[in-house]
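Examination of the molecular architecture
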Amino acid sequence: MLTKALAIAAVTIIYSTSTLQGYTPNSSINTRNSIKMSDTYNNNNNNIKGGSIVCAGLSCLDLQLVGCTQSGSEEAIERYDEAVHCAGGSASMTGTTLALLLRQPDDNDNDDEQQEKVHILTKVGPDFAGNTLLEFYRRSGASTDLVLTDDTARTSMAVLPIYNNGKRGCFVNLACNDGFTSDELLNQLDIAVDDNKAAPTHPTRAFLFGYPHLMPKMQGDSLRDMLKSARQKLSFEESNSVLVGVDLNGVDGSDSTAAREALLPSLCEIDVLHLNEDEVMVLSQQDKQANVEEDTNDTVSSEMLSQISSFHEQGCAVVLLSLGSKGAFVSVTPDTKRLQQLSNNEQQPIAISQWIPGTQVRIPAFQIDGEVNANGAGDALFSGFCLAASTWGCAMEQLICKESSSMSRNDEEQWKVSPQVAGTFASLVAWQRCNAKTRDGNGMKSAKQLMQLIHENNLPDILEG
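These figures come from a predicted structure and were not determined experimentally.

Strand order in the open sheet formed by 4 strands is β3-β2-β7-β8, with mixed pairing between adjacent strands. At either end of the open sheet lies a strand with only one pairing partner, and these are β3 (82–88) and β8 (171–173). Looking at each pair of strands side by side, their axes are set apart by 20 degrees on average, direction ignored. Sheet topology places strand β2 (residues 60–68) next to β3; 7 bridges connect them, and they run antiparallel. For C60, the partnering residue across the bridge sits in β3 and is G88. Contacts from helix α2 (residues 90–102) reach β2 and β3, with the element oriented near 85 degrees to β3. Those strands touched by helix α3 (residues 128–140) are β2, β3 and β7 (157–163), and its axis lies near 75 degrees from that of β3.

The structure is reproduced here in structure tokens:
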């Protein structure tokens, strides 16, 4: 926990400007900007397998206090090494992570490469924090065309102590996230829909939404209806399969009934649900007193497996469970028809639609050499998994097989973006994001390079959790 002294210090701190060198605030941000997708994609080349991804939900400007000590005493004066601003929250973390992974080198003119556009859809105010978030988005290569700026709102801010062991705390003022509504979100999606109708391009691959438990206007039936409408809007003339992913955070353990009511009605619309062990147990309807079995490094407890099965029964296609240093666990619904709902595009299939029903696999975490910063690790895992599980995964299968001259037809059939491959890819994305040296893009391997590492079985050492 951040001590009282540290909380006071956070108010009076002189912020580090190293991450904003050359930054000029944008004083005139329009609520509805026109998206020029036709400038991004080459409509005359049908070989390009590009598309777009929308990362929506909560955002905040994070102030990371790096290198915090943690004595355990509430009244102790704790120390930190430096203060750094970064783009926080689900929409920010997933959007910037994917944009960094998918950005193209300036000298790349290869038409066979993936050409992707990552949109961030969130709500900010016309203030320093909002302008700073927009600048971070642009620097990562993400599009800000769908960001809603509310002149009457304040941008959310958070203070995050990053402890020496790599873990973090969080103190947040949710601000405009509290009033962000489904109608506002869907109206922003109409910008992309209108532009697509005027100039058809490669359609949306995935719609990723984060932190519904921290967004009171998008929970329960409202969340379900929003996800359903978003899928319908982004399925351009029903020619593409849009993967819908939801990432949980802020699940309130003090009221498990309210936590379930916020999520369960929407499970039928969720293709990939990401959560951690604590969140599974909060959402479980089992007697907490019975949950005394401890997980081992090789298994997930029977209580968690039972709750994951319940998620599938209520319509969720795939559950991605974060296990911290133990990696992750992927569970695919046993319902064949549920997966077939995602297979309406034979020319560019969605990877998840081809998975074997009932598959469950464990995914390892990878060892990081150097300083660890776990802020955004779950968002990175979620975004990487959804990217691989979408139509991008199937396109990468074709691209890597095409480029591997020594690959036999049998090898091509065996190398697929399975749940194991998608999970390993996601773990690699989190591995890069948790490394303080590569988390902001410097020295970061591209999404294609990470997939090639998996294909070549050239992976980092496994972290022993």
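Moving on from the coordinates now.
With mixed pairing, the 8 strands of this open sheet are ordered in space as β4-β1-β9-β10-β11-β12-β13-β14. In this open sheet, the two strands that pair with only one neighbour each are β4 (116–121) and β14 (360–363). Between one strand and the next, the sheet's axes are offset by a mean angle of 15 degrees, whatever the strand orientation. Here 4 bridges tie strand β13 (residues 328–332) to β14, and the two strands are oriented antiparallel to one another. What sits directly across from V330, in β14, is V361. On the sheet, helix α10 (residues 377–389) packs against β1 (51–57), β9 (204–210), β10 (243–247), β11 (272–276), β12 (318–322) and β13 and is oriented at approximately 170 degrees with respect to β10.

Every buried residue of helix α6 (residues 256–263) is accounted for by S256, A259, R260, A262 and L263. The arc enclosing the buried residues of α6, seen along the axis, measures out at 160 degrees, which places them on a common side. Check the buried side of α6 and you find it contacts α5 (220–234), β11 and α7 (277–283).

Formed by 71 residues in total, the largest nonpolar core has its most connected members in F385, F425 and M451. Look past the residues within four positions of F425 in its chain and what remains in contact with it is G384, L387, A388, W392, A447, L450, M451 and I454. Of all hydrophobic cores here, the second largest spans 52 residues; its members include L186, I191, F209 and A230.

So, how was this worked out
Residues numbered from 1 in each chain as written. Predicted model: local features only at pLDDT ≥ 70, side-chain atom pairs only at ≥ 80, totals over all residues. Heavy atoms only, no water. Pairing = 2+ DSSP bridges. Helix = DSSP H or I, 4+ residues; strand = E, 2+ residues; numbered from the N terminus. Axes fitted to C-alpha atoms, helices over the stretch in contact; angles between N-to-C directions. Contact = heavy atoms within 4.5 Å. Buried < 20%, exposed > 50% of the residue type's maximum accessible area, 1.4 Å probe, protein only. Arc of directions from axis to C-beta. Core = buried A, V, L, I, M, F, W, Y, C linked by side-chain atoms within 4.5 Å.

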